[in-house]
Amino acid sequence: MEILAVEDMTFTYPKCSKPAVDGVSFTVDSGSFIVLCGATGSGKSTLLRMLKRELSPLGELSGEVRFCGKPLAELSERSAAADIGFVMQSPEQQIVTDKVWHELAFGLENLGVPQSDIARRTAEMASYFGIGAWYGKDTSELSGGQKQLLSLASVLVMQPKLLILDEPTAQLDPIAAADFIATLKRLNQELGLTIIMAEHRLEDVVPVCSRLMVMENGRLIANAPAEEVIVSLRERPDILCGMPAASRLYAKLEEQGRSPLSVRDGRKYIEENFFNSVRAVKVEKSEVSSTPALEYKDVYFRYSKNSPDILSGLELKVYKGEIFCMLGGNGSGKTTSLKAAAGLVKAYSGSIKVFGKKLKDYKNRSLYRECLAFLPQDVQTVFLKNTVKEELDEVGADISGFPFDFSGLMDKHPYDLSGGQQQLTALAKVLAAKPKLLLLDEPTKGLDASAKLEFMGVLRKLRENGTTVVVVTHDVEFAALCADRCALFFGGQIVSAGGPAEFFSENSFYTTSISRMTRGIFDNAVTVEAAVELCRLNGRRNGSVSDKKPTSA
Amino acid sequence: MRSFSEYNPIVIAVFFFSVAGVVMFSVNPAFSSVSLAGAVLLFTVMNGRKRLKLHLWLFTLFIILALANPLVSHNGRTVLFVLNDNPVTLEALLYGVNSAAMLVGTIYWFSSFTHIMTAEKLLYITGAFSPKISLVLSMALRFVPMFRTQAKKVSDAQKAMGLFKEDSIIDDIRGYMRIFSILITWALENGITTADSMTARGYGIGRRTVFSRFRFTAADIVFLAVNIILLGVCSFGGMNMHFSFYPDITLSAEKIPAIAGTSAYILLVLMPVIIETEVTVKWKYLQSKI
């Protein structure tokens, strides 16, 4: 049954010449799970907001939206609020009240539902989501993932027929994001809830969706099951770069057919189609200098007397001119180790040396002048001014050599930029102090795939100029592509470290999807490029399109 | 079997305002001494041996208050001794002791009150009068910690960027002012998303209900009824007792209302202690059966 129909919708913001949404038509069957993707600024958010009457922006609109056969404008206030649920991006800001139970009850209170019904429905929702344990807590005590789950639950408690989500996992770490998506999948399968979700982290969500819609410049350029969309977009690397690894591999090797989406299907595809006599590609060892830029020696840190150690006996050397990625779970001490190096928290035992000089010997804040810079996770905290230009002028940033064009952004407020633009602006601002050692905390959080590639390019350029970069990240794909060395943090210390190819092929869970896909077939393929190269070298089992015949079977 | 702090917040508030109100609106050593004793007893029952420091502080305060009055006021007939040509009288001393008992007792009541009354309970009480104010308060309580964390994050980020370049106070203050200004922008920006999230969930479409986790149970009603009856008897007794310190200590009272009033006040003050003891005893009994 059709639950939502959009007919030839065109929407233009006031004072804009180009429409933000341009002639979009589609229908949504009840019970489907639709993923909407597209580059930043392609009109995804605008389209989604047009589907929720209370959030529709003002502007010039033509076309029609029908919800359950009725035009959206004719729905009663109550039905418009309750039947269409909307979850936004920011976990922090969409929470209204101070207590978890109150947040759950908020929507029902607005609808004037009687007390006893509210009690039943919030209790039911809390137990379905496993919120019971923190039902009485303050909302400010929750982690980002918990906050987002709470926002979802507090929308679902109103029993919507259609759930719209606008990049709900953008601010979450990959583990919390995967949990969130698993919950959505469960809602879709167990309750038959119709879901429309805009997303740019597609790895987890594409395998579970029933249809994939792609937007570009306000137009809908694809609307079909994901397997078909991927093949039809194989000439568009800018869109494909966000897709699951299995489908990126497929798109590089095939010209038609149905693309595999999950690791399991990707593995099957490689096993069935390619020989594996050539097991490994040669890895070029990059030259690393032997002078340490940052050195931790037996460092211990805890927040207060009675709390557990966050860093316990951390030993690490980062050499000059390398990109070093630290990976690890939440609370393993990654971020704290950066803060300790930046002098924001003080280790109670052990020593930290920056370029061979102990931290406490950098007197008068000289550490932050032409030596070390720290870019925090929430880059918005870097901005203090009203326009990008003022931001950059304030610190005297030299952007002429920066491999990114800021000219279009100069007059905008930094808060109005997209995640990727904010990240690069903040980076440019931090680089104004000409640091030789750059510390980055989760720089790829909230970036779409193409922004991530752009950011990687900037980091490589910095390395060429001799800057040492230490990155704390959850993003294994990012680390595999850009690191010279990677390390795994656990329990406040480094448990293993090495070049990305060996590091990720030794890990069996904490590794890239390609590494999981090719485990036992190839030896050290951790990136799509490496896997594609190996597949081409080995050739096909049916021998039809092969670049090179296998030497042995 | 609920302990006192688990009773409905309105009941708890009525209780504390009754016990404190009676002493505050009467000048009567009978009431103030009962109030002080009861307040200390409840505080000890609730906190055990913790917060001994507070006892020490309040004891010092008691002594200071009691001694301050005879040094300032020289009314009264019975002169104890003369200090710097000023007579120090027994009446003034007793007056001081009485007001000290009243004040320190009230402080004890309020520290027990704030201990029991969490923000959530206060919001529930406000909600009973005005749902809108209650929601605004709840949002404020949500906002304050968020603002504080953001302020810390911004100041850390700026520090690591070398915003505070020299070790000078003026530079630091200038830096903090800039941080404050961007925090305001951030808060406004925040407000837009929060407002969107509210309208998306139907805020403002009609009459709101107020949901809370507190219920009125039979025990609450019994407590409230007993509380009000005892308070009535107390006020009746209080109105029939006239106590004056100056120039002589005199008590003009009718016997029966005075005794009834005082005993009612003793009972009122002891209500939470009785409940707490009952709970403890029951637990002990249940545990010994297990």
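Draft legend 1. Representation of the overall build of chain A. Broken down by element type, chain A carries 18 helices and 20 strands. In terms of C-alpha radius of gyration, chain A reaches 25 Å, essentially the compact-globule figure of 24 Å for 553 residues. Seen through its principal axes, chain A has C-alpha atoms that stretch 70 × 65 × 50 Å. Counting only residues that meet the buried cut, chain A has 56% of its 553 residues in that class.

Draft legend 2. Geometry of a nonpolar patch on the surface. All names here are of chain B. Together, L71, V72, L80, F81, L83, L90, L94 and I249 make up a nonpolar patch on the protein surface, roughly 690 Å² of accessible area in all. Of all elements in the fold, only α3 (52-72), β1 (79-83) and α4 (90-116) reach the threshold of two or more residues within the nonpolar patch. For the nonpolar patch, the leading source of residues is β1, giving three residues. With respect to the element layout, L83 can be found in strand β1.

Draft legend 3. Here's a closer look at the nonpolar core. Residue and element names in this part refer to chain A. Counting 59 residues, the largest nonpolar core has F129, L152, L163, L165, L184, L212 and M243 as the members making the most contacts within it. For M243, the residues in contact, after removing those within four places along its chain, are C37, L202, E203, V206, L212, I230 and R248. F455, V469, V471 and C482 belong to the second-largest nonpolar core, a separate cluster that totals 56 residues.

Draft legend 4. Looking closely at the pattern of salt bridges. One pass over the structure, following the stated rule, counts 39 salt bridges over all chains. When the shortest N-O distance is used, the salt bridge between D138 of chain A and K99 of chain A registers 2.8 Å. Here the residue D138 of chain A occupies a position in the loop between α4 (115-129) and α5 (144-156), and K99 of chain A occupies one in the loop between β6 (84-87) and α3 (100-111), the gap between them amounting to 39 residues. Among the charged side chains, a salt-bridge network with shared partners connects K99 and D138 of chain A together with E120 and R213 of chain B.

Draft legend 5. Local environment of the sheet that holds strand β16 (residues 372-375) of chain A. All names here are of chain A. Spatially, six strands are ordered β16-β17-β18-β13-β19-β20 in an open sheet, and the strand pairing comes out mixed. The sheet is open, and its two borders are formed by β16 and β20 (493-498), each paired with just one other strand. Averaged over all pairs of adjacent strands, the angle between their axes in this sheet comes to 20°, without regard to strand direction. Its contacts with the sheet place helix α13 (residues 419-431) against β16 and β17 (437-441), and it is angled at close to 160° to β16.

Draft legend 6. Region of the structure containing the sheet that holds strand β12 (residues 311-319) of chain A. Residue and element names in this part refer to chain A. Reading across from one edge, β12-β11-β14-β15 is the order of the four strands in this open sheet, with antiparallel pairing throughout. Looking at strand neighbours, the two that pair on one side only are β12 and β15 (357-358), the edges of this open sheet. Sheet topology note: the strand β14 (residues 349-354)/β15 ladder contains two bridges and is antiparallel. By the bridge assignment, V354 is partnered in β15 with K357. The sheet strands contacting helix α11 (residues 334-341) are β11 (292-301), β12 and β14, and the helix crosses β11 at an angle near 115°.

Draft legend 7. Inspection of the domain arrangement of chain B at higher detail. Under the domain assignment used here, chain B contains domain 1 (4-122 + 214-289) and domain 2 (131-200). One C-alpha centre belongs to domain 1 of chain B, the other to domain 2 of chain B, and the line joining them spans 43 Å.

Draft legend 8. Spatial organisation of the interface of chain A and chain B. With 63 residues of chain A at the interface, the matching set in chain B holds 51 residues. Both sides of the chain A and chain B interface together cover about 5100 Å² of buried area, and 55% of this is carbon and sulfur. Among the residues of chain A in contact with chain B, Q93, R365 and L384 of chain A are the three that bury the most area, contributing 14% of the side total. At the boundary of chain A and chain B, one finds seven salt bridges. Here D196 of chain B and R49 of chain A are joined by a salt bridge, their closest N and O atoms 3.1 Å apart. At the level of secondary structure, the elements contributing two or more residues to the side of chain A that touches chain B comprise α2 (77-83), α3, α4, α5, β16 and α13 of chain A. If one sorts the elements of the side of chain A that touches chain B by residue count, α3 of chain A sits on top with ten residues. Here the side of chain A that touches chain B is built from residues that sort into 28 nonpolar, 18 polar and 17 charged.

Draft legend 9. Molecular detail of the domain arrangement of chain A. Residue and element names in this part refer to chain A. Under the domain assignment, chain A is made up of domain 1 (2-224) and domain 2 (293-511). Relative to domain 2, the C-alpha centre of domain 1 lies at a distance of 33 Å. Contacts between domain 1 and domain 2 engage ten residues on the former and eight residues on the latter. Taken together, the two surfaces of domain 1 and domain 2 that pack against each other cover about 770 Å², and 55% of this comes from carbon and sulfur. Remark: the boundary between domain 1 and domain 2 carries zero salt bridges. Viewed at the interface, domain 2 and domain 1 are joined by three residue pairs in polar contact (both at pLDDT 80 or more). Class assignment of the residues belonging to the side of domain 1 that touches domain 2 gives a composition of five nonpolar, three polar and two charged.

Draft legend 10. Broad picture of the pairing of β1 of chain B. Residues and elements named next belong to chain B. With four bridges joining them, β1 and strand β2 (residues 86-89) adopt antiparallel strand pairing. Its bridge partner being in β2, F81 is matched across the sheet by V88. Hairpin connection, β1 to β2: the antiparallel pair is bridged by two residues, and N84 has positive phi, about 50°.

Draft legend 11. Molecular detail of the confidence of the model for chain B. All names here are of chain B. A residue-level look at chain B finds 98% of positions with pLDDT of 70 or above and a mean pLDDT of 89. Considering each helix and strand of chain B separately, the mean pLDDT is smallest for strand β4 (residues 250-253), with a value of 84, and largest for helix α8 (residues 218-239), with 94. Model confidence for the complex: the whole-complex pTM is 0.85, and ipTM, which rates the interface, is 0.84.

The rules behind these values
Residues numbered from 1 in each chain as written. Chains lettered and ligands numbered in written order. Predicted model: local features only at pLDDT ≥ 70, side-chain atom pairs only at ≥ 80, totals over all residues. Heavy atoms only, no water. Helix = DSSP H or I, 4+ residues; strand = E, 2+ residues; numbered from the N terminus. Rg over C-alpha atoms; globule rule 2.2 N^0.38 Å. Buried < 20%, exposed > 50% of the residue type's maximum accessible area, 1.4 Å probe, protein only. Patch = residues over 30% accessible without salt bridge, like charges linked within 9 Å, V, L, I, M, F, W, Y side chains within 5 Å. Areas by Shrake-Rupley, 256 points an atom, 1.4 Å probe, with all protein chains shown as cover. Salt bridge = Lys/Arg side-chain N within 4 Å of Asp/Glu carboxyl O. Core = buried A, V, L, I, M, F, W, Y, C linked by side-chain atoms within 4.5 Å. Contact = heavy atoms within 4.5 Å. Pairing = 2+ DSSP bridges. Axes fitted to C-alpha atoms, helices over the stretch in contact; angles between N-to-C directions. Domains from an automatic or database assignment. Buried area = accessible area lost by both parts, 1.4 Å probe. Nonpolar A, V, L, I, M, F, W, Y, C, P; charged D, E, K, R; others polar. Polar contact = N/O pair within 3.5 Å; in protein donor to acceptor, adjacent residues only side chain to side chain. pLDDT = per-residue confidence, 0-100.

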